[in-house]
Amino acid sequence: MVRKTFSKTKRQDHYARQSEVVISLEVIDDYKEELARRRDEGLLRRGTFRNRSTSLNMFLESLFKIKGLNPENPKTNEITISASDIYKAFQNYIKERRSSGHTLEVYLGSLRICLEEILFNYYGIQLSQTLGLEVFKPSFYLNKLSVSVIQEKGKQLNEYLKNEQKKVVTDERIKDAIRWTALLLQNKRESRTLENLRLALIMLLLTGARSSELNDLQFEVLLKEEGRVLKQIDLNRRIIYFRRMKIKDSPVRSFTPIFAHPLLVDELRVFKRKFITKPDEPLFGYYGLDKVFYRYYRPNLAFNENILEELYRKNPWLRKYPPNEPIITVSLIRKYVDSYLQERVFKMEGEKLSSELFGGGLLGLDNMRRFKNYLLGRVEGVDFYHYISITQDKRFSSRYRRFTKMLFDGLIERLMPELLLILSPETKAKLLGNVSQEAVEETKITILS
């Protein structure tokens, strides 16, 4: 058999020069301000704003590092960008962050839109005719995200077992997260960010919501076409309308109304009175809660070395958590609430109210499990109340309100007395009734030590 050979192509004397664009840093700043303006005017969804601003900032930070430029230097007033620069920037991002394929796809798409708008709006040129679009395709990078082909089976099994352990979130860990929140409130200057963190933790525990769903919340939403105001958080009726971005079936199914526990309603009233100047502003601002949690629940990021050493010395319970790892994350809180509700559903099987609403036996248990998924905004449960209204129909609303309260009553009892550490003074006084303030302070000291 004769080996087939391929003829060599003629060597080119000249290679095509890669296209580059030069962008003014002042233009980039103007574009960032434009993104913020579009967000504030409702022309850009908050999640879209976060994705675009984060991808642009991440890219510029990596670009300055690659080119050895200092953005603070007054002489640095423009930057040259090539397709190769974009490729290198995202290669570095993958190595440093170990991102998921979905996150990479979102950031690549967001950066492409940013550069398209900057080049066309400010310079009148098209991205596709200069840098090209190929470098924004996830397939260019996805092979670098796969580790299974290069890891031995033992390492893969070890990673799997570690991940399984992470799925078990104990009462002790949640209580420690509450203790840590109390330490943050005691040892850092009072700020809106800490108050956001305190309320967010309470909301996560009493709803099991995703961080994106909490970031989406505001007390009122303006219906611009009709000039009407709609309540996304109705404190009088104790209803929160969560927009479930994971469910993109239709505008109707994307919202899941749930009855908020009275304790959460009290906290929302206090928070609104103290911090919300405009009812249509987001509860927690525009910064993603996941990032805030990472910043404040990782000890070595929350405090400097001297304060942290003192905290570890005074609080023995803290020593089980390495300072460079988060004590808790939003996803772990959601796992905890999910596990708690699943356990609680089994305990409530056979009670009069649950039998009235869901039926008895295995069918009743399955219906309650689906109701749990409905509360957590899962696709499986979203159609559970497709033909009835648990908020408008009086035959159901009062009973579902009571049932939801009963579900979370047990969680509140389970997290006592630590939960007292992060409740507002007003809510605490209402909850404790005649218990003296001295007794409360003594309990707090005992819990933290």
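Residues numbered from 1 in each chain as written. Predicted model: local features only at pLDDT ≥ 70, side-chain atom pairs only at ≥ 80, totals over all residues. Heavy atoms only, no water.

Peer 1: Tell me what's going on with the pairing of strand β6 (residues 239-243), and back it up with residues and numbers.
Peer 2: A large share of β6 lies buried, amounting to four of its five residues. Linking two consecutive strands that pair antiparallel, namely strand β5 (residues 233-234) and β6, is a turn of four residues; a positive phi of about 60 degrees is found at Arg238 within it. (Buried < 20%, exposed > 50% of the residue type's maximum accessible area, 1.4 Å probe, protein only. Helix = DSSP H or I, 4+ residues; strand = E, 2+ residues; numbered from the N terminus. Pairing = 2+ DSSP bridges.)

Peer 1: Go over the side chain of Thr404 with me, naming the residues and quoting the values.
Peer 2: The residue Thr404 is located in helix α17 (residues 394-414) in this model. Excluding residues that lie within four positions of it along the chain, Thr404 makes contacts with Phe259 and Phe371. (Contact = heavy atoms within 4.5 Å.)

Peer 1: For unusual backbone geometry, give the residues involved together with the corresponding values.
Peer 2: Residue Pro417 follows Met416 across a cis peptide bond; omega there is 0 degrees. Mapped onto the secondary structure, Pro417 falls in the loop between α17 and α18 (425-432).

Peer 1: Lay out the nonpolar core in plain terms, naming residues and giving numbers.
Peer 2: Formed by 86 residues in total, the largest nonpolar core has its most connected members in Trp180, Met203, Ile240, Leu268 and Leu283. Counting residues per element, this core draws most heavily on helix α7 (residues 192-207), which supplies 10 residues. If we skip the residues at most four places from it in the chain, Met203 touches Gly208, Leu214, Leu217, Ile240, Leu264, Leu268, Leu283 and Phe284. Counting 36 residues, the second-largest nonpolar core is a separate cluster that includes Leu25, Leu60, Ile79 and Tyr107. (Core = buried A, V, L, I, M, F, W, Y, C linked by side-chain atoms within 4.5 Å.)

Peer 1: So what about α7? Which residues, and what values?
Peer 2: Taking 1.5 Å per residue as the helical rise, α7 with its 16 residues ought to reach 22 Å, and the 22 Å between its terminal C-alpha atoms agrees with that figure. Across the 16 residues of α7, 14 count as buried, placing the element largely inside the fold. (Expected span 1.5 Å × (residues − 1).)

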